[in-house]
Amino acid sequence: MEKGLILESLGGLYTVETESGIVQLKARGIFRKDGLSPCAGDRCTVEGGVISSIDERKNSIIRPPLANLDVMVFVISTCEPSPNLTLVDKFIAVCEYKSIQPMIAITKVDLKECGNIPDIYGKIGIPTIVCDYSDPASLEPVKAAVEGKICAFTGNTGAGKSTLLNHIAPELELKTAEISRKLGRGRHTTRVSRLYKLFGGYIADTPGFSSFETMQYAVILKDELKYCFREFEEYEGKCRFADCNHIGEKGCAVAAAAENGDIAKSRYESYLEMFEEAKNIKEWEIGR
């Protein structure tokens, strides 16, 4: 019996890093019966040549399936495509909901300035890194965020996720290509998530992150959403009504803060849009 970390799940076969090396195993059938699908990031016990148990997860995301994430880095570009702050805010809300440290990496700063994005998110304590490839020192905070942790990178198609990863870890490109050759698949046709060991931690190669739909990552109900915007916390209990949803009710302290600039207007508008979406989600539909 030994402990392990699942690096990849593919067709019912799991690549597991154990104390004695990396092995490929199947899992006990009991997982399927219990409705549990082991995935990359799961810590497990290997016994009798199979994965016999999965440790309790601290978090997981739905698509692509990943467990026990410490950090998620959202890569946004200053142009081509232009930054979509609503998308960023949805990403951050999911991270807050799942107790994952969110981080923003801004690319293509050689083509266009990043404006007030670092101010918006730095003000609320979200690490925001301006990645200038002509200055290698600017990438050190990204490396530091990954060190010793399980980390995933995400972002819109064309935002420069691959370029950023290649700059902070050129060996990742080599490892990805090597695995692709072994499995007989192209680099851009990967349909699974795999963890690669880097900087004393793990980076997830995450195909399927090209577009961000909150429901693919986590289902956040409308009554839970306000707790996923950390800047709302200081106004807790200051609204006229105790059950205020912060959607413009009379005497809403959060709406007032957004009006006078204490809360970024873009963040508040994102909240309102997400609240409208969340209103259509029913607990019984998601099994709660």
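Residues numbered from 1 in each chain as written. Predicted model: local features only at pLDDT ≥ 70, side-chain atom pairs only at ≥ 80, totals over all residues. Heavy atoms only, no water.

> Quick rundown of the confidence of the model for the chain? Include the residues and the values.
Summarising the model, the chain shows a mean pLDDT of 86, and 85% of its residues fall at 70 or more. Here helix H6 (residues 170–183) stands out as the element of the chain with the lowest mean pLDDT, 58, in contrast to helix H9 (residues 253–259), whose mean of 97 is the highest. (pLDDT = per-residue confidence, 0-100. Helix = DSSP H or I, 4+ residues; strand = E, 2+ residues; numbered from the N terminus.)

> Give a description of the pairing of strand S9 (residues 101–107) that names residues and reports values.
Burial analysis of S9 places six of its seven residues in the buried class, which makes it a mostly covered element. Relative to S9, strand S8 (residues 71–77) runs parallel, the two being bridged by seven bridges. Across the sheet, residue valine 75 finds its bridge partner in S9, namely alanine 105. In this fold, S8 hands off to helix H2 (residues 85–98), which returns the chain to S9; that crossover is right-handed. Examined bridge by bridge, S9 and strand S10 (residues 128–130) share three bridges and lie parallel to one another. In the strand pairing of S10, isoleucine 106 is matched with valine 130. A crossover links S9 with its parallel partner S10, the connecting element being helix H3 (residues 117–122), and its sense is right-handed. (Buried < 20%, exposed > 50% of the residue type's maximum accessible area, 1.4 Å probe, protein only. Pairing = 2+ DSSP bridges. Right-handed = clockwise from strand over helix to strand, strands pointing away.)

> Explain empty space enclosed by the protein to me, using residue names and the numbers behind them.
Inspection of the entire model under this criterion finds one cavity of 30 Å³ or more. As a volume, the largest cavity reaches approximately 50 Å³. Lining the largest cavity are Phe74, Val75, Ile76, Ser77, Pro81, Ser82, Pro83, Asn84, Leu87, Asn156 and Ala159. No other element matches S8, which puts four residues into the lining of the largest cavity. The class makeup of the residues in the lining of the largest cavity is seven nonpolar, four polar and no charged. (1 Å grid on protein atoms, 1.4 Å probe; cavity = no way out; pocket = protein on both sides within 12 Å on 5 of 7 lines; lining within 4 Å. Points joined across faces, edges and corners; volume = space filled by probe spheres on them. Nonpolar A, V, L, I, M, F, W, Y, C, P; charged D, E, K, R; others polar.)

> Could you give an account of the packing of aromatic side chains, naming the residues involved and the relevant values?
Counted by the stated rule, this structure contains six aromatic pairs. Summarising the aromatic geometry, the rings of phenylalanine 229 and phenylalanine 232 are spaced 5.3 Å apart at their centres and angled 20 degrees between planes, so their arrangement reads as stacked. The same class applies to phenylalanine 229 and to phenylalanine 232, which are both buried. Judged by centre distance (6.4 Å) and plane angle (20 degrees), the rings of tyrosine 268 and tyrosine 271 are stacked. (Phe/Tyr/Trp six-rings, centres within 6.5 Å; stacked < 30°, edge-to-face > 60°.)

> Go over helix H10 (residues 265–278) with me, naming the residues and quoting the values.
Along its 14 residues, H10 runs 20 Å from first to last C-alpha, staying within 8% of the 20 Å computed at 1.5 Å per residue. Looking at the buried positions of H10, the neighbouring elements they touch are H2, H3, helix H8 (222–225) and H9. (Expected span 1.5 Å × (residues − 1). Contact = heavy atoms within 4.5 Å.)

> Help me get a handle on helix H5 (residues 161–168), residues and values and all.
Regarding H5, the residues found buried are Lys161, Leu164, Leu165 and Ile168. Across the axial projection of H5, the buried residues extend over an arc of 95 degrees, all falling on one side. (Arc of directions from axis to C-beta.)

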